Amino acid sequence: MTGKPGRTARGGAQTSAGDLLDLVRSGRAVTRGALQQMTGLSRATVGQRLDRLFRAGWLREGAGGPVDSPLGGRPAITLEFDGSHAVVLAADLDTRHARAALLTLTGEILAERAGTLVVEDGPETILDGLGRWFAGLLTETGHAPEAVCGIGLGVPGPVDSETGRVVQPPMMSGWDGYDIRGRLSRAFSEHTGAGAVPVLVDNDANLMAYGEQRTGYQDCRAFVLVKVSTGIGAGVVVDGALYRGVDGGAGDLGHIRVGTEALCRCGSYGCLAAVASGGAVARRLTDAGVPAASGSDVRDLLAAGHPEAAALAREAGRRVGDVLATVVTLLNPGVLMIAGDLAGTPFLTGVRELLYQRALPRSTAHLDVRTARLGERAGLIGAGALVVEHLYAPERVEERLSALGV
């Protein structure tokens, strides 16, 4: 990024308009004087670059802040990111259920919708349905489609973040390699009449982890969220950034072999998901005469205090905890969060039993094991945050300002 016009100053600091916006958004510099001090730019240059951000509607002046000079004087006017100039759409797909929301740029959910969407119906049907949901959310809130700056989507499968395409997803038949970004952008346009908008796609557990970490654990340098629903997956956030692996396959805990003969949906035998997922617990309950078609049915039984569901959830937690002992030893996270249909006291108890028994005491000495804070909204909030971080990254700010002609 260095070497571009307007991007370098004292000490090699990056000082484009996008970098100034980043400093303000992060709270590292929120006055003109502080921006000058951090960048080494002159007052006039800072003013010129801020003017572009004001004209785009991305910055506004706030209340007076601390006096910049040690000699005293009037309080400095603070600068704030103006989150009212656009909105974000987000959706979170599970295998049989979906949620969608309209969010502010600061992560507040303005409206949301949930309902049945079965991923096995295929990408054409599902993404067109999301386009209809998005149009309804905009109508409900009175927002113009042109106010949408981007769309974020979470899916229950591994995603190559460079292309936005799922890669050999065990639970998404017909989606492998499909152009999700392009189709969802078209569906949005078809149902709203607006132009194309950027679409970001990521794994659902990744987005849940990102949403939880960004809203409640920003100081946690290594954060792990494990979603246990129809399948089992993990999202890992290290130093504030998602860790995806080489091609989006990081965190696929459900397909670690655990030495059983159970057949998994991926076609292999002995996967963790085949014995410890919400779907696996649902099958065992059904075999025992307690009808349960999916992890969401198990969740309802657990909420009702069903004893057999609780016993099987605890057993599943022990199996997952055994695997998580290795994860914790490898990553040494500060927070291990359990989310999804099975997240609750029985499952969490089972996780803790095996995790603390198998992991090295050094690895768990500062570990906080807990259930999710945001519940089913975590993926939506994470998707919205990912879109905002993408669109307002310094290098992308420059591109967008130029496109706006400011």
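Structure shown above.
Residues numbered from 1 in each chain as written. Predicted model: local features only at pLDDT ≥ 70, side-chain atom pairs only at ≥ 80, totals over all residues. Heavy atoms only, no water.

What follows concerns the overall build of the protein. When you go through the protein residue by residue, the secondary structure sums to 14 helices and 14 strands. Expected size for 406 residues packed as a compact globule is a radius of gyration near 22 Å; at 23 Å, the protein falls within 12% of this value. Considering only C-alpha atoms, the protein reaches an extent of 75 × 55 × 40 Å along its principal axes. Buried positions account for 51% of the 406 residues belonging to the protein. Here the protein has roughly 17,700 Å² of accessible surface; of this, 49% comes from carbon and sulfur atoms. Charge centroids of the protein, computed over 40 positive and 44 negative side chains, lie 5 Å from each other. (Helix = DSSP H or I, 4+ residues; strand = E, 2+ residues; numbered from the N terminus. Rg over C-alpha atoms; globule rule 2.2 N^0.38 Å. Buried < 20%, exposed > 50% of the residue type's maximum accessible area, 1.4 Å probe, protein only. Areas by Shrake-Rupley, 256 points an atom, 1.4 Å probe, with all protein chains shown as cover. Lys, Arg positive; Asp, Glu negative; His and termini not counted. Charge placed at Lys NZ, Arg CZ, Asp CG, Glu CD.)

Below, the discussion takes up the layout of surface pockets. By rolling a water-sized probe across the atoms, one finds the places where empty space is left. Within this model, the largest pocket holds a volume of roughly 1,000 Å³. Lining the largest pocket are 35 residues, and of these R25, Y210, R214, A385 and E389 sit closest to its centre. Counted by class, the lining of the largest pocket contains 14 nonpolar, 12 polar and 9 charged residues. Of the volumes computed, that of the second largest pocket is approximately 490 Å³. In terms of lining, the second largest pocket is formed by 25 residues, of which the most central are D94, S229, R299, D341 and E376. Secondary-structure elements contributing two or more residues to the lining of the second largest pocket are strand 3 (87-93), strand 4 (98-104), helix 9 (295-303) and strand 13 (335-339). The dominant element in the lining of the second largest pocket, judged by the number of residues it contributes, is helix 9, at 3 residues. Grouping the amino acids of the lining of the second largest pocket by side-chain chemistry returns 7 nonpolar, 10 polar and 8 charged. (1 Å grid on protein atoms, 1.4 Å probe; cavity = no way out; pocket = protein on both sides within 12 Å on 5 of 7 lines; lining within 4 Å. Points joined across faces, edges and corners; volume = space filled by probe spheres on them. Nonpolar A, V, L, I, M, F, W, Y, C, P; charged D, E, K, R; others polar.)

The sheet built from 5 strands is open, its strands ordered 5-4-3-6-9 with mixed pairing. Where the open sheet ends on each side, the last strands, each with one partner, are strand 5 (109-115) and strand 9 (199-203). When strand polarity is set aside, the average angle formed by the axes of neighbouring strands in this sheet is 15°. Packing of helix 13 (residues 378-391) onto the sheet brings it into contact with strand 3, strand 4, strand 5, strand 6 (148-155) and strand 9, and relative to strand 3 it is tilted by some 135°. (Pairing = 2+ DSSP bridges. Axes fitted to C-alpha atoms, helices over the stretch in contact; angles between N-to-C directions. Contact = heavy atoms within 4.5 Å.)

It is worth spelling out empty space enclosed by the protein at this point. A complete count under the given rule lists 1 cavity of 30 Å³ or more for this structure. Estimated volume of the largest cavity: approximately 40 Å³. Among the secondary structure elements, those contributing two or more residues to the lining of the largest cavity are helix 8 (278-287) and helix 10 (307-331). Looking at the lining of the largest cavity, the element that brings in the most residues is helix 10, giving 4 residues. Grouping the constituent residues of the lining of the largest cavity by class yields 4 nonpolar, no polar and 3 charged.

Time to look at the pattern of salt bridges. Side-chain pairing between opposite charges can occur once the charged atoms of the two side chains come close. Applying the stated rule across the entire model yields 29 salt bridges. A salt bridge links E61 to R32, with the shortest nitrogen-to-oxygen separation between them at 3.3 Å. With E61 in strand 1 (residues 59-64) and R32 in helix 2 (residues 32-39), this residue pair connects regions lying 29 residues apart in the sequence. E61 sits in the partly exposed class, given a relative accessible area of 47%. Residues R314 and E353 are paired through a salt bridge, measuring 2.1 Å at the closest nitrogen-oxygen approach. Of this pair, R314 sits in helix 10 while E353 sits in helix 11 (residues 345-358), placing them 39 residues apart in sequence. Judged by its relative accessible area of 38%, R314 falls in the partly exposed class. Here E353 falls in the partly exposed class, since its relative accessible area comes to 24%. One network of salt bridges, with partners in common, ties together R99, E112, R299, D300, D341, E376 and R377. (Salt bridge = Lys/Arg side-chain N within 4 Å of Asp/Glu carboxyl O.)

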